[in-house]
Amino acid sequence: MQIIYLHGFRSSPLSKKGQELYQYCANHDHIHVHLPDLNQPPEVVLKYVSNLIESLPLDQVVLVGSSLGGFYATYFVAKYDCPAVLINPAMQPWQLFQELFGIEQIPLKVTESWTLDHDQLQQLQSIADTKPEQADKILVLLQQDDEVLDYRQAQRYYSALHPSALILTDVGGNHAMDDFKDKLPLVLEFLSAGI
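The following refers to the structure shown. Note that this is a predicted model, so its numbers are computed, not measured.

Right, let's get into the side chain of Ser67. Note on placement: Ser67 falls in the loop between β3 (61-66) and α3 (68-80). Apart from the residues lying within four places of it in its own chain, the contact partners of Ser67 are Gly8, Ile87, Asn88, Pro89, Ala90, Leu149 and His175.

This is the structure in structure tokens:
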């Protein structure tokens, strides 16, 4: 199994969840975890991750995406028909960024090499037009006390798809999903069953 972990906005391949996944899977010879750096404009991310997916045996590729990474993962499920686990996925990141940072703060310097601008917000909006036909290949992990996103948006979206995704919603929690490590056996079981 080839797991591609897609981190969230202002995160990195060294994120806590990405590292927990990587370390957990290090004990399994048949599982390889890829941790790409997504701190780039959306069109670059789409091309980079598409190339990574296409360089691997497609029948072994699975995705785990957190927040903005969950948004991207939904696009790749639609494009490549691969299983995915989404952790508190961002539903409308173009709108979220404007709400969080204010329209007057964009262009927003995210890293030394990436500044988020209005064109990129439009790119994100166009990505959302791609909807997965096999949403039953998606497990959505949500927490009600997510302080960044309204978990109900994801619940509505992923349950409205046909077939719908599997959605597990915890009472409490937070956007980072601090108990992700405890969910890893479930995550791997779902992903391995999907390939």
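That shown, we press on.
Quick look at a nonpolar patch on the surface now. Together, Leu166, Leu168 and Leu186 give the surface a local cluster of nonpolar side chains, amounting to about 230 Å² of exposed area. Mapped onto the secondary structure, Leu186 falls in helix α7 (residues 180-194). The exposure class of Leu186 is partly exposed, given its relative accessible area of 36%.

Attention now moves to the pairing of strand β7 (residues 138-143). Counting buried residues along β7, six of its six residues qualify, which places the element largely inside the surrounding structure. Burial along β7 is two-sided: Ile138, Val140 and Leu142 facing one way and Leu139, Leu141 and Gln143 facing the other are all buried. In this structure, strand β4 (residues 84-87) lies alongside β7, joined through four bridges in parallel fashion. Bridged to Ile87 within β7 is Leu141. Pairing analysis gives five bridges linking β7 to strand β8 (residues 166-170), with the strands arranged parallel.

Turning next to the nonpolar core. Core analysis: the biggest nonpolar cluster contains 48 residues, and Phe9, Leu63, Phe71, Tyr72, Phe76, Leu124 and Tyr158 have the highest contact counts within it. With eight residues, α3 is the largest single contributor of residues to this core. In this structure, Ile3, Leu21, Val64 and Met177 belong to the second largest nonpolar core, which totals 20 residues.

This next bit is on the pattern of salt bridges. Opposite charge on two side chains allows them to pair when their charged atoms are near. All told, the structure shown has five salt bridges when counted by the stated rule. Linking Lys16 and Glu20 is a salt bridge whose minimum nitrogen-to-oxygen distance equals 3.8 Å. Here Lys16 and its partner Glu20 are both found in helix α1 (residues 16-25), four residues apart, which amounts to about one turn of the helix. Given a relative accessible area of 12%, Glu20 falls into the buried group. Note that Lys183 and Asp179 form a salt bridge whose closest N and O atoms lie 2.8 Å from each other. A relative accessible area of 12% means that Lys183 is categorised as buried. Through salt bridges with shared partners, a single network forms among Asp170, Asp179 and Lys183.

Conventions and cut-offs
Residues numbered from 1 in each chain as written. Predicted model: local features only at pLDDT ≥ 70, side-chain atom pairs only at ≥ 80, totals over all residues. Heavy atoms only, no water. Helix = DSSP H or I, 4+ residues; strand = E, 2+ residues; numbered from the N terminus. Contact = heavy atoms within 4.5 Å. Patch = residues over 30% accessible without salt bridge, like charges linked within 9 Å, V, L, I, M, F, W, Y side chains within 5 Å. Areas by Shrake-Rupley, 256 points an atom, 1.4 Å probe, with all protein chains shown as cover. Salt bridge = Lys/Arg side-chain N within 4 Å of Asp/Glu carboxyl O. Buried < 20%, exposed > 50% of the residue type's maximum accessible area, 1.4 Å probe, protein only. Pairing = 2+ DSSP bridges. Core = buried A, V, L, I, M, F, W, Y, C linked by side-chain atoms within 4.5 Å.

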